[in-house]
Each structure stands twice: as structure tokens, then as C-alpha cells.
Amino acid sequence: MTRATIDSTATLRDAILREALEGLLKPAGEQKSLPAWLFYDERGSALFEQITTLPEYYLTRTERSLLAAHADEIIAQMGVPVTLAELGAGTAAKTGLLLRAALHSQPEVLYQPIDVSASALREAAETLGAEFPGVIVAPQVANYITEAFTIERPAQQRVLALYIGSSIGNFPPAEQLAILRKLRAHLVPGDALLLGVDLAPTPGQENGRTNGHAHKSVTTLLAAYDDAAGVTAAFNRNMLVHLNRELGSDFDPARFLHRALWNAAQSRIEMHLVSDGAQTVHLGGHAIHFADGETIHSENSCKFTVETVLTLLARSGFKPALSLTDPAGFFSVTLATAS
Ligand code: AVJ
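Residues numbered from 1 in each chain as written. Predicted model: local features only at pLDDT ≥ 70, side-chain atom pairs only at ≥ 80, totals over all residues. Heavy atoms only, no water.

*Asks:* Now, about the overall build of the chain: what can you tell me, with residues and values included?
*Replies:* The helix and strand tally for the chain stands at nine helices and 16 strands. Taken against the 2.2 N^0.38 rule, which gives 20 Å for 339 residues, the C-alpha radius of gyration of the chain at 20 Å falls within 12% of a compact globule. Across the 339 residues in the chain, those meeting the buried criterion constitute 54%. At a minimum sequence separation of 6, the contacts of the chain that also span at least 24 residues come to 72%. A total accessible area of about 14,300 Å² is found for the chain, and carbon and sulfur atoms account for 54% of it. Where the 26 positive side-chain charges of the chain centre and where its 36 negative ones centre are 4 Å apart. (Helix = DSSP H or I, 4+ residues; strand = E, 2+ residues; numbered from the N terminus. Rg over C-alpha atoms; globule rule 2.2 N^0.38 Å. Buried < 20%, exposed > 50% of the residue type's maximum accessible area, 1.4 Å probe, protein only. Contact = heavy atoms within 4.5 Å. Areas by Shrake-Rupley, 256 points an atom, 1.4 Å probe, with all protein chains shown as cover. Lys, Arg positive; Asp, Glu negative; His and termini not counted. Charge placed at Lys NZ, Arg CZ, Asp CG, Glu CD.)

Next up, the structure:
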């Protein structure tokens, strides 16, 4: 069962224009950028789904196996019936694991996915509605950064807020803190946050293997953002197609090349779109010039350590209850209660 979706197409287009101009109208020599949420139009969301199934993209399957192994434990920690709310839910591909666990101890679960992509939310509602008759889906189409969102709390229930998939890694540390504090303000003591983050490479494990144990290397990380099949490249370029459609700009996506790099000082993967030759693009009444090789910085994907996650949670009003990491140290999921 699905409740009505809140739509806000005009607001969204305004935000896209504002952010595109802010990122692209830069003095010559200054880094141009676009915000990563612009990836997620219908095609971008589909390409991201495809990325999550790639052999190089270990994030999704690692997080899924952590959730599969610990879903009952996570739900049991909550103690009472729960409603699940999810920031950046997308198609909610991993959420079923937690919903199923919740349905073991309560007849119905209200699931509140929040995402910028209406098409992804429609798919989430259809899939979950079909698989779990006890799940009531209440989707919100919203950019949880720029727009207000609501979280409902049915009587006698606790909110389990999900912020998984390392989506928080798209934001710089100060904004990570602001997002979690904003989320915390929707919660009351006893509610909880389940936060999934991708981990930084193990220092000194460049070749990926020591004493027969797998370790995370920079090479592993880079491959996850520059796959052999070129899906991530298509995902990156699709941002320009999205802008062309929404704003009537004239980017030629074929003249921007995909690049992924590891920024060790900031502990993040960066994705860029590299101008193949000098060119001028028209957008919102402006002519935007690109020098040959100049880049649009399209994404940051920050990588954490268990320690940096715990610090972030403490600073945003959460107290860790359960910290889960796979044996090779690729990915980490933390359950933290609102304190
Ligand atoms: C959805 C932000 C977690 O950073 O790994 C995948 C997006 N970018 N491949 C990530 C992404 C390139 C993804 N997040």
C-alpha cells in the first residue's frame, strides 16, 4: 500500500538552475563543480542501480551482507515497534532486510522513504508493497539537504532513521555534521539512526593482501569508481544530459571524459568530468568556457574510519549502540541512539 507522493517539480528545477550556476560561473582557473545530487534523474538512478551490481563496486554487497547478518539484532535493539524513515532511499534495495526483521515482531511497519528521485521512490513503493503486505509506504520526494522533510511517529513507536549506502560521504565533514544534526532534530531519545559508511583504505596495504587476509587498497577503491564496463563513466556524464533536459543547456556529454581520483589528504574519492578540448557551453543565459583538460568536479565520496564515524555521531547527538564492520574492513554500519 502506498500513500500519496508529495511532488515539487518547479522547486526542483529552480534548485538545479541555482546550483548549476553557482558551481559553473567561476573565474578562469577556479575549480568548476556540480553537486552530486544532480546525478539522480530517472536514468541516473537506473545507472546507479547498475553500479551497485558491478563486481568492482563492493560497497552495496558488503553493506547488504552486514544488514542481512544483523537485521534482527538491529531491530531487537530498538525494543519496541518501529517506523523506518530513510534519507536518500532510492529504490530501497537493502531496506527489505530491515523491514522483514521488523515484521517478525509487529504486524505493520510504516516506511517513510525520502528521495530526490520520484521514479526511484515509485519503484521502491511497488517492490516493497508487493513483497511485504504489512509495509505501508509513505514516500516523500524531497532533497533532504535543501528542502524540509517530515518524519511521522505512530503512537507507541520509535523511529529508526536509515542513512545507509555511504550517501553521507557525498558531503564534506561540516555538512555531514549539519545533516546528522538536522536529522537528530526530528528524533527523540529512544529513536535511532542506522548509518552506513564506506571505509578509507587500510594504510600501507597498497597491494590489497597481507598474511592471506584481504585489505582495502587505493586500487580497490579506484576500481569501484572507474569500472571496466564504463557504467560509472556513463553515470558521471549523465549529469550533463540531466542539466540539458532540465535547463536547456547544450553540453555535449561525449566531450567530457570520466575521471576518478583518490584525494588522500581529504580521505575522499573525487569524480570529475574532464573537458576534451576547449569548448563553450550555454546554460541559463550564460556562456561557460572550458579550457582543454579543465574539469567539473562532480562528486566527492568521503571515506571514513570507525573512529571518525563515532566522533561524528557523538558530535551530532547520537550514542553508538552497535558497530558492524566486515572482516576485511571495507564498510561499516553503526546503530546509534538519539541521546
Ligand atoms: C550513493 C554516494 C554512496 O559515493 O559510492 C557511485 C555514488 N558515485 N559511483 C558513492 C557513486 C559513483 C555513491 N553514493
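*Asks:* Run through the domain arrangement of the chain, naming residues and quoting values.
*Replies:* When the parts of a complex come together, some accessible area is lost, and that lost area is often taken as the interface size. As assigned here, the chain comprises domain 1 (29-55 + 217-302) and domain 2 (58-203 + 304-338). Relative placement of domain 1 and domain 2: their C-alpha centres are 26 Å apart. Contacts between domain 1 and domain 2 engage 21 residues on the former and 21 residues on the latter. Between domain 1 and domain 2, a total of about 1,600 Å² is buried, with carbon and sulfur atoms accounting for 54% of that surface. Looking only at domain 1, the three residues that lose the most surface to domain 2 are Trp37, Glu49 and Cys302, adding up to 30% of its buried area. For the interface between domain 1 and domain 2, the tally reads zero salt bridges. The interface formed by domain 1 and domain 2 contains seven residue pairs in polar contact (both at pLDDT 80 or more). Where the side of domain 1 that touches domain 2 is concerned, the elements lending two or more residues are α2 (42-51), α7 (218-224) and β14 (295-302). Residue composition of the side of domain 1 that touches domain 2, by class: 11 nonpolar, seven polar and three charged. (Domains from an automatic or database assignment. Buried area = accessible area lost by both parts, 1.4 Å probe. Salt bridge = Lys/Arg side-chain N within 4 Å of Asp/Glu carboxyl O. Polar contact = N/O pair within 3.5 Å; in protein donor to acceptor, adjacent residues only side chain to side chain. Nonpolar A, V, L, I, M, F, W, Y, C, P; charged D, E, K, R; others polar.)

*Asks:* Before we move on, can you summarise the site of the ligand with the specific residues and values?
*Replies:* If you check the shell around the ligand, you find 15 residues, and the closest are Tyr57, Gly165, Tyr225, Glu299 and Ser301. At a separation of 2.5 Å, an oxygen atom of the ligand approaches a polar side-chain atom of Tyr225. Ser301 is positioned with one of its side-chain polar atoms (N or O) 2.7 Å from an oxygen atom of the ligand. With the chains in place, 97% of the 350 Å² that the ligand exposes on its own is no longer accessible. Mapped onto the shell around the ligand, the elements with two or more residues apiece are α2, α8 (231-247) and β14. Here the shell around the ligand is composed, by residue class, of eight nonpolar, six polar and one charged. When residues of the shell around the ligand are assigned to domains, at least three fall in each of domain 1 (29-55 + 217-302) and domain 2 (58-203 + 304-338). (Near = heavy atom within 4 Å.)

*Asks:* Describe the packing of aromatic side chains, naming the residues involved and giving the relevant values.
*Replies:* A complete count under the given rule lists 13 aromatic pairs for this structure. Between the aromatic rings of Tyr144 and Tyr163, the centroid separation amounts to 5.5 Å while the plane-to-plane angle is 85°, which identifies the pairing as edge-to-face. Of this pair, Tyr144 sits in the loop between β5 (140-141) and β6 (158-163) while Tyr163 sits in strand β6, placing them 19 residues apart in sequence. Taken as a pair, Tyr144 and Tyr163 share a single burial class, namely buried. Pairwise contacts between aromatic rings join Phe39, Tyr40, Phe48, Tyr57, Tyr225 and Phe235 into one cluster. Across the ring face of Phe290, the terminal group of Lys32 is positioned such that the distance to the ring centre comes to 5.0 Å. (Phe/Tyr/Trp six-rings, centres within 6.5 Å; stacked < 30°, edge-to-face > 60°. Lys NZ or Arg CZ within 6 Å of the ring centre and 35° of its normal.)

*Asks:* Before we move on, can you summarise the pairing of β14 with the specific residues and values?
*Replies:* In terms of burial, β14 is largely enclosed, as eight of its eight residues are buried. By the bridge criterion, two bridges tie strand β1 (residues 32-33) to β14 in an arrangement that is parallel. Looking at β14, one finds that Ser33 is bridged to His297. The pairing of strand β11 (residues 268-275) with β14 spans seven bridges and is classified as antiparallel. Each bridged residue has a counterpart across the sheet, and for Leu273 the counterpart in β14 is Ile296. (Pairing = 2+ DSSP bridges.)

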